[in-house]
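# Per-entry structural report
What follows is each chain in one-letter form.
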Amino acid sequence: MTTELRELRTLRADFPWLQQTTDDGRPLVYLDSTATTQKPVQVLDAMDDYYRHHNANVHRSAFRIADRATKMYEAARAKVAAFINAADPAEVVLTRGATTSLNFVASGWARPRLRPGDRVVVTSMEHHANWVPWQMLERDLGIELGYVPLTADYRVDTSKLDELIDDRVKIVSFSGMSNVVGTIAPISELAAAARAVGALVVVDGAQLVPHVPIDVQALDIDFLAFSGHKMLGPTGIGVLWGRRERLEELSPPEGGGEMIDQVHLDHFTMNTLPHRLEAGTPPIAEAIGLGAAVDYLSDVGMDAVRAHEVDLTGYALRVLAEVPRLTIYGPTDPQVRGGAISFTIDGMRLDDIESALDAEGICIRGGHHCAQPLMRAHDLPQTARASLYLYNTREEVDRLGRVLEKVVAYGI
């Protein structure tokens with residue numbers, strides 16, 4: 001398709017969840033896609049079709065339906081590889097999600113190699129999934145964990161990278177897009193600073209991949225982690241992409257079936273990539289659902305997805321700025337951010353804001369958003385967060401603004 005998003009009414013009809021209404025007949029407004037996205041009927045049908053007609057384990061039995069299931073599973077891997085422009089489908093490891101993928105890197109690559117005094121650098125806007133695995137290594141191995149701060153306007157502060165990323169740094173790991181303030185990381189600058197000292201580059205793409213066109217061959221990174229459920233796919237499936245040489249160095253985090261070639265009484269030999277990193281029966285239906293989600297996004301066009309979100313985010317920032325006593329946290333330029341918009345209302349409790357919106361059929365999230373270091377670094381309270389995706393409209397943003405104005409005016 002072209003870079004213009006196809007007619008929203010037609011697109012929204014693909015999502016059964018969006019057809020629901022409140023008790024008095026008003027459409028529900030879903031503004032929590034940063035937490036998880038809704039699923040188009042194409043994804044639901046693909047998973048249902050697998051369970052009804054193709055249910056068999058993969059890479060094992062030789063009967064025709066099992067062979068068909070294996071081909072469907074591997075076709076999903078190939079679709080993901082094409083979606084991010086991987087050089088080879090074997091570079092795509094299917095995991096349980098972005099958290100699992102990041103833990104694979106920490107436990108399978110970093111743990112055997114890092115020594116006391118080595119450093120891992122992240123940014124202050126990280127999701128806990130890109131803090132805690134490194135903190136575990138800090139605790140267990142005696143490595144040091146540092147971070148690149150954000151500026152006052154919530155952009156990644158690259159002014160002192162040469163001081164923060166020195167010869168002791170072995171890994172630079174960062175979120176491609178913040179799930180709280182929407183900031184898009186300067187991947188090229190961070191990667192260049194890492195390469196200057198010979199460090200690995202790991203990107204948490206859980207928020208980035210669903211919203212921005214990605215070409216891993218054009219990015220100077222080593223690993224990219226992302227989740228299916230944040231890009232129209234099912235829960236329980238995610239991706240770890242890695243350069244082949246890095247994946248070859250990765251110790252399998254789990255042992256068992258599929259990841260082996262031969263098992264003897266006293267030793268075993270490992271399978272080839274990507275299978276040696278996928279022990280046990282994989283999430284087959286979920287992988288097929290992810291493949292269908294990739295098909296859907298590819299049909300819409302990621303350039304069109306990004307253009308729609310830039311336009312809608314800019315509009316939402318303007319609408320919310322008109323609400324009295326409301327403060328928005330994050331960059332003001334929609335070109336350098338995503339559609340996760342965090343805010344507070346002076347004098348109002350977060351749960352009161354959430355309850356008032358819920359009563360009007362508007363679904364948002366409140367809390368620390370699994371990013372407590374970011375909140376503490378900027379002395380932020382817990383925030384409300386409205387997050388946008390390809391199926392959201394200006395009319396929904398207007399409705400959010402009207403309800404928030406009523407909340408402020410009447411304290412409800």
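Residues numbered from 1 in each chain as written. Predicted model: local features only at pLDDT ≥ 70, side-chain atom pairs only at ≥ 80, totals over all residues. Heavy atoms only, no water.

### A word on the pattern of salt bridges
With the rule as written, the count across this model stands at 25 salt bridges. The shortest N-O distance in the salt bridge between Arg77 and Glu74 comes to 2.8 Å. One end of the pair, Arg77, and the other, Glu74, are both in helix α3 (residues 64-83), three residues apart, so they sit about a helical turn from each other. What makes Arg77 buried here is its relative accessible area of 1%. The exposure class of Glu74 is partly exposed, given its relative accessible area of 24%. Ionic pairing is found between Asp140 and Arg139, a salt bridge with its closest N-O pair at 2.7 Å. We classify Arg139 as exposed; its relative accessible area is 61%. Bridged by salt links that share partners, the residues Arg195, Asp220, Asp222, Arg246 and Glu249 form one connected network. (Salt bridge = Lys/Arg side-chain N within 4 Å of Asp/Glu carboxyl O. Helix = DSSP H or I, 4+ residues; strand = E, 2+ residues; numbered from the N terminus. Buried < 20%, exposed > 50% of the residue type's maximum accessible area, 1.4 Å probe, protein only.)

### Overview of unusual backbone geometry
Here Leu273 and Pro274 are connected by a cis peptide whose omega angle stands at 0°. Tracing the backbone through its elements, the reader meets Pro274 in the loop between β10 (268-270) and α9 (284-300). Despite not being glycine, Asn85 shows a phi value in the positive range, around 55°. With respect to the helices and strands, the residue Asn85 is situated in the loop between α3 and β2 (92-95). In this structure, Tyr154 is a non-glycine residue whose phi angle is positive, near 70°. Relative accessible area serves as the criterion here: at 10%, Tyr154 is assigned to the buried category.

### Observations concerning the packing of helix α2 (residues 41-54) against α9
To characterise two packed helices, one gives the angle between the axes of the helices and the distance between these axes. Across the interface, α2 lies against α9 with an axial gap of 8 Å and an inter-helix angle of 150°. As for how α2 packs across α9, the hand of that crossing is right-handed. Between α2 and α9, the contacting residues are Gln42, Val43, Ala46, Met47, Tyr50 and Tyr51 on the first element and Ile284, Ala285, Glu286, Ile288, Gly289, Ala292, Ala293 and Tyr296 on the second. Here the residues of the contact of α2 with α9 are counted per class, giving eleven nonpolar, two polar and one charged. (Axes fitted to C-alpha atoms, helices over the stretch in contact; angles between N-to-C directions. Left-handed = near helix turned anticlockwise from the far one by under 90°. Contact = heavy atoms within 4.5 Å. Nonpolar A, V, L, I, M, F, W, Y, C, P; charged D, E, K, R; others polar.)

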